[in-house]
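The primary structure of each chain is shown beneath.
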Amino acid sequence: MPVPGLNVSKRQLNFYYLLDASGSMTTNGRIQSLNQSVRQSIPGMLEAASSQPNAVLKVHALEFSSDAKWKTHPGVLVEDFNWNDISAGGATMMGKGIDLLCDDLETNMPSRSLPPVIVLVSDGHPSDNFDRSLSRLQKTPWGLKSVRIAIGMGPESEVDWGVMKRFMFNMEIEPLHAHNSTELSNFISWASTVAVISSSSGATSPQTSSTYIPAPELMQTVIDPGDVF
Amino acid sequence: MTKPLILHSSVIGNTHIRKKLPNQDSADSWISPKGDAWIAVIADGHGSSGHPYSDIGSKLATKITVNNYQSFYNNSTSTNTIGVDLINFKHDFFLKILNEWRRDCMLDYESKHPQGTSKKAELLSDSQILRLYGSTICYVYKLSDSIIISTLGDSSVFVRNESGLISHLLFNDESPGESTNSLCQKNPEVDIEHQIIFDSNNFILISTDGIIKSLDNTNEFHKIADYYYKLISSSSSDSKIINDLNEQLDYFSKNGSGDDCTALLIYQGLSTIDSLKTKPESFITNPSVSFEPTLTRQKKTIIIGLSLLLLLLILTIPLLIFQLTAISKPRILNLMKEMGTSKLARKICQK
């Protein structure tokens, strides 16, 4: 029996999808692959959540193109998370997407939460002032403590790797490169499980330590690489 | 003279049970035979994978802290020694703990990895080795007529005074996320926080972060402090309190944060020694206020008194001089004229 009148609760883990829905995502079925990959990540997330009984996993999603808007907000319990497809078109206002995320991190995070996990998926270069928004994210306490994974999709030359690397400031692993739909699906599933498990462990480390996430060990896609972006 | 009551309990976190990890928290305490000196300490070894020996690190931290305090006590005639400079003592005491902790961690590592057995192990720098043992530390001890609370990291410290008011002390490291200050970091002496309170009938509760992370907000912790204060002051037996504490911590571990949970209770309600009868209440509302020992306070009062007197003199002397000169200038002139020094007198007066 707990102390009478005491509210004991599990810690909340907030998971954010930041998804590129710009016009270039219409190329080679990228947006369809993205929708499919997010949908396929749900069972893995459920499993990851059930393996962490002391954490309550909430999923949020936002898309950015010529503007940024929430797709799932406020965050829903992973058990209740469904994915309705997003469509592509417009510019790549990634900075606006990060600003929208910052608004949420600055105002809606319970103080005893676990570090949030943020997964950014994009195939191109930001059309707006990404670095200004990134600077805001770095100044936000929860942004600074977050676990950030950037997944670039499409040909090497099309993705802005500098942006992807800067987004993953203070992380020990490099941005991930998905050349095809199978890799994208694997990476998103990996990010939504390993990063969740890592963040929800609640394990402390000294100040200035970077968040340790083991790099993904993915199987070679020999037979069916799926759509090549 | 009655001894204070110090009780502590530590349970392994639910997360650590699943991962087959040991309890990385540690707690220890010591009370002198006379009850005139005591220390209580908790430490929380870092849970992330980069700190595989943090359970040893936390145990070393608590053991070294208690041993050092005992040595100090044994080498002093009494902890009520008036000459002890608290400001320097708390700093030096921490440095002593830190140095011994570093030394013992290195020794432990060497014993685990004897020379020639692993090249990888030998390649680690001293700071990398110490990181393997990373731990927070929080200790409370009696010195002179004060109680010193020192904490490095994210432990919680709550003090309930005689009036029933509870203050949450030393909470600067309550930033969101899982990073905290640690014994293994560079220059931890810069980040350790100290608080000095009067030795009075306090009830002190210190705990590792596993408990506070199980609660919605800090105010919930007040309920825990109140609950145990009532339990202890109602003369419950030590074993009953410990059993209750074990159950509570187990509940936090399973239904809350899942982290290791350690709590340490210090009850001075039975103590009558050296209690100050008058105590400012300001520390209840302002946790950053530190309380100096009586001797320093007396000195301060004398200094303030003398300063006020000096200020009064400085203010009144010019007035007196002005008054005197206004009344007696003609008199002085006449007197000086009589003495044949009129020229000189005029010059003085002109000036």
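Treat the numbers as computed from the prediction; the structure is a model and nothing was measured.

Chemist: Quick one: what's the story with the overall build of chain A, residue by residue and with numbers?
Modeler: Counting its regular elements, chain A contains 6 helices and 7 strands. Across chain A, helices and strands are ordered from the amino to the carboxyl terminus as β-α-β-β-α-β-α-α-β-α-β-α-β. Classification of the 229 residues of chain A by burial places 57% in the buried group. For chain A, the proportion of contacts with a sequence separation of at least 24, taken over those separated by at least 6, is 80%.

Chemist: Explain a nonpolar patch on the surface residue by residue, including any values.
Modeler: On the surface, a cluster of nonpolar side chains totalling about 790 Å² of accessible area is made up of Leu306, Leu309, Leu310, Leu312, Leu313, Ile314, Ile317 and Ile321 of chain B. Here Ile321 of chain B lies in helix α10 (residues 294-338).

Chemist: Now, about the nonpolar core: what can you tell me, with residues and values included?
Modeler: One finds Tyr17, Leu34, Ile151 and Phe167 of chain A to be the most contacted residues of the largest nonpolar core, which totals 67 residues. Ignoring sequence-local partners within four residues, the contact set of Leu34 of chain A consists of Leu19, Asp20, Met25, Ile86, Val121, Leu184 and Ile188 of chain A. One finds Ile97, Ala121, Leu152 and Leu183 of chain B within the second-largest nonpolar core, a separate group that totals 38 residues.

Chemist: Please set out the sheet that holds strand β9 (residues 193-198) of chain B residue by residue, giving values where relevant.
Modeler: Residue and element names in this part refer to chain B. Overall, antiparallel pairing links the 5 strands, which are arranged β2-β3-β4-β5-β9 in an open sheet. The two strands at the open ends of the sheet, each matched to only one other strand, are β2 (25-31) and β9. Averaged over all pairs of adjacent strands, the angle between strand axes in this sheet comes to 10 degrees, irrespective of strand direction. As judged from the 7 bridges shared by strand β4 (residues 137-143) and strand β5 (residues 146-152), these two strands associate in the antiparallel manner. Across the sheet, Lys142 pairs through a bridge with Ile147, a residue of β5. Helix α2 (residues 54-75) contacts β2, β3 (38-44) and β4 of the sheet and is inclined by roughly 15 degrees relative to β2. Packed onto the sheet, helix α3 (residues 86-112) meets β3, β4, β5 and β9 and runs at close to 135 degrees relative to β4.

Chemist: Hey, could you go over the environment of Glu100 of chain B for me, with residue numbers and the actual values?
Modeler: Residue and element names in this part refer to chain B. Mapped onto the elements, Glu100 comes out in helix α3. On a C-alpha basis, the gap between Glu100 and Leu60 in space is 9.0 Å, while along the polypeptide they are 40 residues apart. Non-local contacts of Glu100, meaning those with residues more than four positions away in its chain, are made with Ile64 and Asn68.

Chemist: Break down the packing of helix α1 (residues 30-50) of chain A against helix α6 (residues 181-200) of chain A for me, with residues and values.
Modeler: Residues and elements named next belong to chain A. Where α1 contacts α6, the two axes come as close as 8 Å, and the packing angle between them is 30 degrees. Relative to α6, the element α1 is oriented roughly parallel. Where α1 crosses over α6, the two elements pack in a sense that is right-handed. Every residue of α6 that contacts α1 at Ser33, Leu34, Ser37, Val38, Gln40, Ser41, Gly44, Met45 and Ala48 is listed here: Ser181, Leu184, Ser185, Ile188, Ser189, Ser192, Thr193, Val196 and Ile197. Residues belonging to the contact of α1 with α6 are distributed by class as follows: 8 nonpolar, 10 polar and no charged.

Chemist: I'd like to hear about unusual backbone geometry, residue by residue, with values.
Modeler: Across the junction of His73 of chain A and Pro74 of chain A, the peptide omega takes the value -5 degrees, indicating a cis bond. Inspection of the secondary structure assignment puts Pro74 of chain A in strand β3 (residues 68-77). Positive phi is not limited to glycine here, since Lys20 of chain B has a value of about 55 degrees. Checked against the element boundaries, Lys20 of chain B lands in the loop between α1 (14-18) and β2. For Ser144 of chain B, which is not glycine, the phi dihedral falls at a positive 55 degrees. Accessibility expressed as a relative area gives 8% for Ser144 of chain B, which makes it buried.

Chemist: Explain the confidence of the model for chain A to me, using residue names and the numbers behind them.
Modeler: Predicted confidence across chain A gives a mean pLDDT of 89, with 89% of residues reaching 70 or more. Throughout residues 219-223 of chain A the model reports pLDDT below 50, and contacts reaching past four residues in sequence, or to other chains, amount to 3 contacts.

Chemist: Could you give an account of the pairing of strand β10 (residues 203-207) of chain B, with specific residues and numbers?
Modeler: Residue and element names in this part refer to chain B. Burial runs high along β10: 5 of the 5 residues are buried. Burial along β10 is two-sided: Phe203, Leu205 and Ser207 and Ile204 and Ile206, pointing in opposite directions, are all buried. Summarising the sheet, β10 and strand β11 (residues 261-267) pair through 5 bridges and their orientation is antiparallel. From the neighbouring strand, Ile204 faces β11, where its bridge partner is Ile266.

Chemist: Could you give an account of the packing of aromatic side chains, naming the residues involved and the relevant values?
Modeler: Aromatic rings considered in pairs are described by the distance between their centres and by the relative angle of their planes. This structure, assessed with the given rule, holds 18 aromatic pairs over all chains. Taking the centre distance of 6.2 Å and the plane angle of 50 degrees together, the rings of Phe81 of chain A and Trp83 of chain A count as tilted. Across this residue pair, the class does not change: Phe81 of chain A and Trp83 of chain A are buried. Aromatic ring contacts, followed pair by pair, group Trp30, Tyr69, Phe72, Tyr73, Phe89, Phe93, Tyr139 and Tyr141 of chain B into a single cluster. One residue, Arg148 of chain A, lies across the ring of Phe169 of chain A, its end atom 3.7 Å from the ring centre. A cation over a ring is seen here: Arg160 of chain B above Tyr229 of chain B, with NZ or CZ 3.6 Å from the ring centre.

Chemist: So, the interface of chain B and chain A: which residues are in play, and what are the values?
Modeler: Note on interface size: it is often stated as the accessible area lost on association of the parts. Taken together, the contact pairs 45 residues of chain B with 32 residues of chain A. Buried area between chain B and chain A, both sides added, is near 3200 Å², and the carbon and sulfur share of it is 49%. On the surface where chain B and chain A come into contact, there are 0 salt bridges. Across the contact surface, chain B and chain A share 13 residue pairs in polar contact (both at pLDDT 80 or more). At 6 residues, the largest contribution of residues to the side of chain B that touches chain A is made by helix α8 (residues 238-255) of chain B. Taken together, the residues that form the side of chain B that touches chain A break down as 8 nonpolar, 23 polar and 14 charged.

Chemist: Give a detailed account of the side chain of Thr62 of chain B, specifying residues and quantitative values.
Modeler: Turning to its location among the elements, Thr62 of chain B is positioned in helix α2. Under the relative-accessibility criterion, Thr62 of chain B is labelled buried at 2%.

Chemist: Any chance you could break down the pairing of strand β2 (residues 55-64) of chain A for me, citing the residues and the numbers?
Modeler: Every regular strand shows the same layout, with side chains that alternate between the two sheet faces. Residues and elements named next belong to chain A. Most of β2 sits inside the fold, with 8 of its 10 residues counted as buried. Each parallel crossover has a hand, and the one from strand β1 (residues 11-20) via α1 to β2 is right-handed. As paired strands, β2 and β3 are joined by 6 bridges and run antiparallel to one another. What sits directly across from Glu63, in β3, is Lys69. The loop that links β2 with its antiparallel partner β3 comprises 3 residues.

What counts, and at which threshold
- Residues numbered from 1 in each chain as written.
- Chains lettered and ligands numbered in written order.
- Predicted model: local features only at pLDDT ≥ 70, side-chain atom pairs only at ≥ 80, totals over all residues.
- Heavy atoms only, no water.
- Helix = DSSP H or I, 4+ residues; strand = E, 2+ residues; numbered from the N terminus.
- Buried < 20%, exposed > 50% of the residue type's maximum accessible area, 1.4 Å probe, protein only.
- Contact = heavy atoms within 4.5 Å.
- Patch = residues over 30% accessible without salt bridge, like charges linked within 9 Å, V, L, I, M, F, W, Y side chains within 5 Å.
- Areas by Shrake-Rupley, 256 points an atom, 1.4 Å probe, with all protein chains shown as cover.
- Salt bridge = Lys/Arg side-chain N within 4 Å of Asp/Glu carboxyl O.
- Core = buried A, V, L, I, M, F, W, Y, C linked by side-chain atoms within 4.5 Å.
- Pairing = 2+ DSSP bridges.
- Axes fitted to C-alpha atoms, helices over the stretch in contact; angles between N-to-C directions.
- Parallel < 35°, antiparallel > 145°, perpendicular 65-115°, else oblique.
- Left-handed = near helix turned anticlockwise from the far one by under 90°.
- Nonpolar A, V, L, I, M, F, W, Y, C, P; charged D, E, K, R; others polar.
- pLDDT = per-residue confidence, 0-100.
- Phe/Tyr/Trp six-rings, centres within 6.5 Å; stacked < 30°, edge-to-face > 60°.
- Lys NZ or Arg CZ within 6 Å of the ring centre and 35° of its normal.
- Buried area = accessible area lost by both parts, 1.4 Å probe.
- Polar contact = N/O pair within 3.5 Å; in protein donor to acceptor, adjacent residues only side chain to side chain.
- Right-handed = clockwise from strand over helix to strand, strands pointing away.

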